[in-house]
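A look at the structure
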Amino acid sequence: MGAAPDGMEVTRAEAGPACFSVDYRSVRRDESAYVDLNVRSALSPAPRCPEPAQKDVSCTVDAHGGLRMVRTFPGGRAVTLSRHLGDAEAEVTSQTLANPGCGVSWTRCTRCRTPSWRS
């Protein structure tokens, strides 16, 4: 595993038989930011936006099958990017809060299993 992105630190890393997952958080204690990277065997079908469309959710799937979903909520937002890469699937989920400690709970997929856009 390489170095964490600038301004982030690794909080958890997990490797399974067909996946790996790394969690990062901000190194600044006055800032609430979180990133989760999951790479796993590709699941079927390809990513799709939720139907019916959800309030405060913007979602697109590009010509290459990459999904970009942004959820806004009071005090922050969550972004999910997902793409099939050959026989693998990669998903990055990030969440930022405008007011650290505001009590918004993190909602994430079960590690190395179901992507958040499928839940």
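Anything mentioned here points back to the structure above.
So, here's what we can say about the structure. What you see as residue numbers is a count from 1 along each chain, following the sequence as written. Confidence filtering applies because this is a predicted model: local features only for residues at pLDDT of at least 70, side-chain atom pairs given and counted only at 80 or more, and all residues used for totals across whole chains, interfaces and linings. Processing note: side-chain calculations cover all non-hydrogen atoms of the structure and skip hydrogens and water entirely.

**Describing the sheet that holds strand 6 (residues 76-85)**
Two strands are said to pair when DSSP picks up at least two bridges between them. Each helix is a run of H or I in the DSSP string that is no shorter than four residues. Each strand is a run of E no shorter than two, and both are numbered from the N terminus. The strand order across the open sheet built from 7 strands is 1-2-3-7-6-5-4, with neighbouring strands paired in antiparallel fashion. Each edge of the open sheet is held by one strand with a lone partner, namely strand 1 (8-16) and strand 4 (57-61). Averaged over all pairs of adjacent strands, the angle between strand axes in this sheet comes to 10 degrees, irrespective of strand direction. Sheet topology note: the strand 1/strand 2 (residues 19-26) ladder contains 8 bridges and is antiparallel. Residue Gly16 lies in a different strand from strand 2, and its bridge partner there is Cys19. Fitting a line to C-alpha atoms yields each axis, with helices limited to the stretch in contact; the angle taken between N-to-C directions then spans 0 to 180 degrees.

**Some points on the state of the cysteines**
Disulfides are defined as pairs of cysteine sulfur atoms found within 2.5 Å of each other. With the rule as written, the count across this model stands at 1 disulfide. Two residues share a disulfide in this structure: Cys49 and Cys59, whose sulfurs sit 2.1 Å from each other. The disulfide joining Cys49 to Cys59 has a torsion of about -85 degrees about its S-S bond and is therefore left-handed. Of this pair, Cys49 sits in the loop between strand 3 (32-41) and strand 4 while Cys59 sits in strand 4; the two residues are 10 residues apart in sequence, bridging distant segments of the chain. Among the residues examined, Cys59 registers a relative accessible area of 23% and is labelled partly exposed. Here the term buried applies to any residue with accessible area under 20% of the maximum for its type, exposed to any over 50%, and partly exposed to those in between, with areas from a 1.4 Å probe on protein chains only.

**Examining the environment of His84**
Within the fold, His84 resides in strand 6. In this structure His84 comes out as partly exposed when scored by relative accessible area, which is 27%. As for His84 and His64, which are separated by 20 residues in sequence, their C-alpha atoms are 8.6 Å apart. There is a polar contact of 2.9 Å between the side chain of His84 and the side chain of Glu89. Distance and chemistry together define a polar contact, namely a pair of N or O atoms within 3.5 Å, with one atom able to donate a hydrogen and the other to accept it when in protein, and with adjacent residues in sequence counting only for side-chain atoms on both sides.

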